[in-house]
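The lines below spell out each chain.
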Amino acid sequence: MQRKAEIERKSKETQIKVSLNVDGTGKTKIKTPIGFLDHMLELFAFHGYFDLDLSVTGDTHIDIHHTNEDIGIALGKAFKKALGEEKAGIKRFGSAFAPMESTVGLCVIDISGRGYFSFNNEGHGKVAVSGIKDQEEYKFSYFMHFMESFAHQLGATLSFTLYNTDDDLHTNLETMFKSLGMALDQATTIDPRRQGQVPSTKGIID
């Protein structure tokens, strides 16, 4: 049985529709007003083997902050719904490295029911704060807001570490979106040894 979810989120700022199949093959149909984020989510879904259909409109005439953050919220809700209330049988934990040129991104995730996000820079310099042209520059702070929203709505502890920081923001962020896809694929995989049990010694994930 494939784990699927559909989410529709409407506010005065954004209108978002998400169709998700956790047990997919990485097929995507993504259209948002933020071209760079479209690209990152395509990489995320492809390397995580998630089928993702995402349609978004938003108040990007103001800026892309609301739209970027609300996509993270809707996507987190979609994964939470698709995995079911008990998260029965999943491995729960996942980790993955994704290199790109000299940069390496590491994502570690625990679908614990408790939302928490952290980022660590183990590079030789500061992460570029902006530099990707869209309607306006996509900034590192947007990445932080997106992932924090995603983690809290999914109910997961989400940690990123960036090694050998590149001065190109695109390169840095690409390694982290790819590693998120691979780590989440691992964490959501059904482990036959669990035999449908909740993956917690407490007997619940909340």
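Scroll up to find the structure.
A brief structural summary. (Residues numbered from 1 in each chain as written. Predicted model: local features only at pLDDT ≥ 70, side-chain atom pairs only at ≥ 80, totals over all residues. Heavy atoms only, no water.)

Brief notes about the overall build of the chain
- Helices and strands together make up the secondary structure of the chain, namely four helices and eight strands.
- Going from N to C terminus, the chain has its helices and strands arranged as β-β-β-α-β-α-β-β-β-α-β-α.
- Since a compact globule built from 206 residues should have a radius of gyration of about 17 Å, the 16 Å found for the chain is in line with a globular shape.
- A principal-axis box enclosing the C-alpha atoms of the chain has dimensions of 45 × 40 × 30 Å.
- Considering the chain as a whole, with its 206 residues, one finds that 51% of them fall into the buried category.
- Sequence separation of 24 or more characterises 78% of the internal contacts of the chain that already satisfy a separation of 6 or more.
- Element-wise, carbon and sulfur atoms account for 49% of the exposed surface of the chain, whose accessible area totals about 9,900 Å². (Helix = DSSP H or I, 4+ residues; strand = E, 2+ residues; numbered from the N terminus. Rg over C-alpha atoms; globule rule 2.2 N^0.38 Å. Buried < 20%, exposed > 50% of the residue type's maximum accessible area, 1.4 Å probe, protein only. Contact = heavy atoms within 4.5 Å. Areas by Shrake-Rupley, 256 points an atom, 1.4 Å probe, with all protein chains shown as cover.)

Regarding the packing of helix α1 (residues 35-48) against helix α4 (residues 169-188)
- One way to put it is that α1 packs onto α4 with a least axis distance of 7 Å and a crossing angle of 35°. Along this stretch, α1 crosses α4, giving a crossing that reads as right-handed. Here Phe36, Leu37, His39, Met40, Leu41, Leu43, Phe44, His47 and Gly48 of α1 lie close against α4, whose contacting residues are His170, Leu173, Glu174, Phe177, Lys178, Leu180, Gly181, Met182, Leu184 and Asp185.
- Looking at the contact of α1 with α4 residue by residue, the class counts come to 11 nonpolar, five polar and three charged. (Axes fitted to C-alpha atoms, helices over the stretch in contact; angles between N-to-C directions. Left-handed = near helix turned anticlockwise from the far one by under 90°. Nonpolar A, V, L, I, M, F, W, Y, C, P; charged D, E, K, R; others polar.)

Some points on the sheet that holds strand β1 (residues 4-10)
- In spatial order, the strands read β1-β2-β4-β3; together these four strands make up an open sheet with mixed pairing. Edge positions in the sheet fall to β1 and β3 (28-31), since each has one partner strand and no second. Across the sheet, the mean angle separating the axes of adjacent strands is 5° when strand polarity is ignored.
- Looking at chain direction, β3 and strand β4 (residues 51-58) are connected through four bridges and run parallel. Paired with lysine 31 across the bridge in β4 is serine 55. (Pairing = 2+ DSSP bridges.)

Considering the pattern of salt bridges
- Taken as a whole and judged by the stated rule, the model has six salt bridges.
- A salt bridge links aspartate 23 to arginine 3, with the nearest nitrogen and oxygen atoms 2.7 Å apart. Here aspartate 23 is found in the loop between β2 (14-21) and β3, whereas its partner arginine 3 is found in the segment before β1, with 20 residues between them in sequence.
- Across the salt bridge formed by aspartate 191 and arginine 193, the nearest N and O atoms sit 2.8 Å from each other.
- You can call arginine 193 exposed: its relative accessible area is 71%. (Salt bridge = Lys/Arg side-chain N within 4 Å of Asp/Glu carboxyl O.)

Observations regarding the sheet that holds strand β6 (residues 103-110)
- The sheet built from four strands is open, its strands ordered β5-β6-β8-β7 with mixed pairing. Both edges of this open sheet fall to β5 (93-100) and β7 (116-122), since each of them pairs with a single strand only. For this sheet the average axis-to-axis angle between neighbouring strands, irrespective of direction, equals 10°.
- One ladder, built from seven bridges, connects β7 with strand β8 (residues 157-163); its direction is parallel. The residue bridging phenylalanine 119 from the neighbouring strand is phenylalanine 160, located in β8.
- Relative to β7, helix α3 (residues 140-154) is tilted by about 145°, and along the sheet it contacts β6, β7 and β8.
- Sheet strands touched by α4: β5, β6, β7 and β8. Its angle to β5, the strand with the most contacts, is close to 150°.

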